[in-house]
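# Breakdown of the fold
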Amino acid sequence: MTAPEPLAATSASPPPAPQRTKPRESASTWPLVDRIGLSLCWAAGIALCLVMGGILAYMAVRGVQYLRPSLFFESPTPEQDQSKSGGFLDPLLGTVLITAVGTLIAFPIGVATAVWLNEYRRPWGLARAVESGVEVVAGTPSVVLAIFGLIIFQQSYFGFLSLTAEGDAVLGRSFFTAGAMMALIALPLIVGSTRAGLQQIPDHVREASYSVGKTKAATIRRVLLPSCRPAIATGTVLGMGRIIGDTAIVVILLGASLQLQSVGDVPGLSTLKGSGSTLTSYVFNNSPAGEGQSPEKAYAAAFVLLLVVVALNYAVNRITSREAPQWIR
Amino acid sequence: MASYAPAGGALAQARKGVRSDQRAELLLGALACLVLALILGMIVFVFTKAWPSFSANGLAWFGTGGDVDQQLTDIFNSPANPKAYVYELRAWPLLYGTALTTGGAVLVGLVFSVLAAIFIVEFAPERLQRLLEPVVLLLAAVPSVVYGLIGILVVVPLVRDAFISEERKESVQFVVQLDGSSLAVAVLILTVMIVPIMIAIIVDALRAVPRQWTEGAAALGVNRWRVMWTISVRAVRPVIVAAAVLATARALGEAIMLSMVSGSKGFAPNPIDGITFLLEPTRPLAATIVDNREGLSAVPLGQTIYAFAAVLLISSVFLSFAGWYMKRRLRHVAIYGGAG
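Everything in this summary refers to the structure shown in the same document. No experiment lies behind these values; they were computed from the predicted model shown.

Reading guide: rules and limits
- Residues numbered from 1 in each chain as written.
- Chains lettered and ligands numbered in written order.
- Predicted model: local features only at pLDDT ≥ 70, side-chain atom pairs only at ≥ 80, totals over all residues.
- Heavy atoms only, no water.
- Axes fitted to C-alpha atoms, helices over the stretch in contact; angles between N-to-C directions.
- Helix = DSSP H or I, 4+ residues; strand = E, 2+ residues; numbered from the N terminus.
- Parallel < 35°, antiparallel > 145°, perpendicular 65-115°, else oblique.
- Left-handed = near helix turned anticlockwise from the far one by under 90°.
- Contact = heavy atoms within 4.5 Å.
- Nonpolar A, V, L, I, M, F, W, Y, C, P; charged D, E, K, R; others polar.
- Buried area = accessible area lost by both parts, 1.4 Å probe.
- Salt bridge = Lys/Arg side-chain N within 4 Å of Asp/Glu carboxyl O.
- Polar contact = N/O pair within 3.5 Å; in protein donor to acceptor, adjacent residues only side chain to side chain.
- Buried < 20%, exposed > 50% of the residue type's maximum accessible area, 1.4 Å probe, protein only.
- Lys, Arg positive; Asp, Glu negative; His and termini not counted.

Angle between the axes and distance between the axes: these two values describe a pair of packed helices. Residue and element names in this part refer to chain B. Packing of helix 3 (residues 92–123) against helix 4 (residues 126–140) leaves a shortest axis separation of 9 Å and a crossing angle of 140 degrees. Classed by the angle they form, the pair helix 3 and helix 4 counts as oblique. Both helix 3 and helix 4 take part in a crossing whose hand is left-handed. Between helix 3 and helix 4, the residues in contact are F119, I120 and V121 and L128, Q129, L132, E133 and V136, respectively. Grouping the amino acids of the contact of helix 3 with helix 4 by side-chain chemistry returns six nonpolar, one polar and one charged.

On the side of chain B, 80 residues touch chain A, which itself brings 79 residues to the contact. Together, the buried faces of chain A and chain B total about 6,900 Å²; carbon and sulfur atoms form 80% of this surface. Here chain A and chain B share two salt bridges between them. Close ionic contact of R226(B) with D34(A) constitutes a salt bridge, the shortest N to O distance being 2.9 Å. Across the contact surface, chain A and chain B share six residue pairs in polar contact (both at pLDDT 80 or more). Of the residues forming the side of chain A that touches chain B, the biggest block, 18 residues, is contributed by helix 2 (residues 32–66) of chain A. Along the lines of polarity and charge, the residues of the side of chain A that touches chain B split into 57 nonpolar, 14 polar and eight charged.

In this section: the side chain of D21(B). The topology assignment puts D21(B) in helix 1 (residues 11–57). Put simply, D21(B) is tucked away with no salt bridge, and the nearest opposite charge, on R122(A), sits 6.3 Å away. Here the side chain of D21(B) touches K216(A) through a polar contact of 3.5 Å, landing on its backbone nitrogen.

Turning our eyes to something else, we now look at the environment of I190(A). Residue and element names in this part refer to chain A. With respect to the helices, strands and loops of the structure, I190 is situated in helix 6 (residues 175–200). For I190, a relative accessible area of 2% puts it in the buried group. When the C-alpha atoms of I190 and E291 are compared, they prove to be 36 Å apart, with 101 residues separating the residues in sequence. Among all residues touching I190, those that are not within four sequence positions of it are A106, F107, G110, V111, G235 and T236.

Structural data, given as structure tokens:
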């Protein structure tokens, strides 16, 4: 008889609706292990901010301190007196040239490989082999690619592509050979990005194209490639970034001459066959590790490199933030 | 697969289409196979070039003994007669240097980047978060020579002034000279170099963890740290492995930066020396290749250098396959199952 009493009491006067307590964000109630984890996490985050901020600020200060407009317009000269050793016009041109050569080679091969891997894929075993091959290139150190390039391009039948010493010895060093090896380091990025773009296109788009009588080749050319253009562009820009930033291939395959050296008298081609330097090798050679002892110019050139990287990053951001076509989703 | 039902008069045209389709497939396939052929060619060429060095030394190639820099000089100066070429080399200090720098940087970097990625995704104030992500991507793209420049001009003098006292110099003066460029600086700069890549990859993956999982855990009263640590980080394990593999490949192949800051001396740092161990110079394989670039035309030294390249190549191929295998093994826990 007494049991229902409390029930009746509660139904008679319902307790006030539970107060919404403020979510307790404070970590002070957490177990000790979790608090240690949290503090480690914050420590890592703060260290990251400090290091990244430090690097960027330091480079910016040094860059602004040492960068002069005249550096862009003067050729470097081997001079002990640093006020006379010129600027980095030639390395800058060299960077542009080598990036152009590398991208021009890597772009068609990379896109073709990606399309074949994604759309045709037969025979299956071969496709799998190509896939792992691309993965292997992506992991291969660029020094190894560089000295592999030396083996290939020192063969006498490739002599027309590079510098030759007296007595018909092929040196294998030129903008062309360095650019060709640079293409290999840009290739995996282009392939990967293009494949990711192709995989995002749903199958019904391909089927729609077949159903109106287009062949597979026409579908690829008119439908698939145009709609994954942003992905291809992203891969290409990332590849260009890798080419611009690589030093080992330049140091080994381009030689160490400061100025552009042309070979032969065909304009354009002669420069491609000649040797030179790029911004990265300019930085390397002007640092205490190289011969030229002029850290100021190395800092200035490194700052320019950093600006180029910023610009490329911005380009990638612009490309990837553009909206995909409606029908892709 | 395209299948055609050409109607009446369109038959001829359709046939033409099929033929051009086959041509396109052949062309694309040929370009893809060109890539494959180049890679196989690379492996074959590098190993053929490297063979004399391996075969002259046998397994002792990988062993210890003597001063590796002296051996390299002797190889460079060996007589011009092919029968009298000197090949003797004990490459252990270089291999050990490679393992120390790469292993050290990847271990430190892995712990650090997982923590930093959790920080960026979960704990950072929103404004900081929005600032950090592009900066991380930017730093991932900075050329290694820039890191090397900062290392050699800023960090090395700093270490020389702060840590290398006269007593410390004297304690090892009969073995090696200490001048600031050292194992510690190499590992430090290498870590700074590979961390942004790992963070960028891990952050992307942590963002892709389904919200239901983390919210479900949070609704059960699990705190934020534990949600991240036990749910999100576990879910992205395959991606962490992939990031570590990528970082290892980059660290292994880093040549220019390491040749600038590691001291460029074929010396095996000795752990018995205590703290001084960290301040001793070393030189990894890749840096050795760059440092000896002028000697490539001398036949025996060239072959020795290709042997270094062959070791690097094998390691990187092995790494790619190990990464692929690990991703497969972990596929059952993956939210990124198809990514590999």
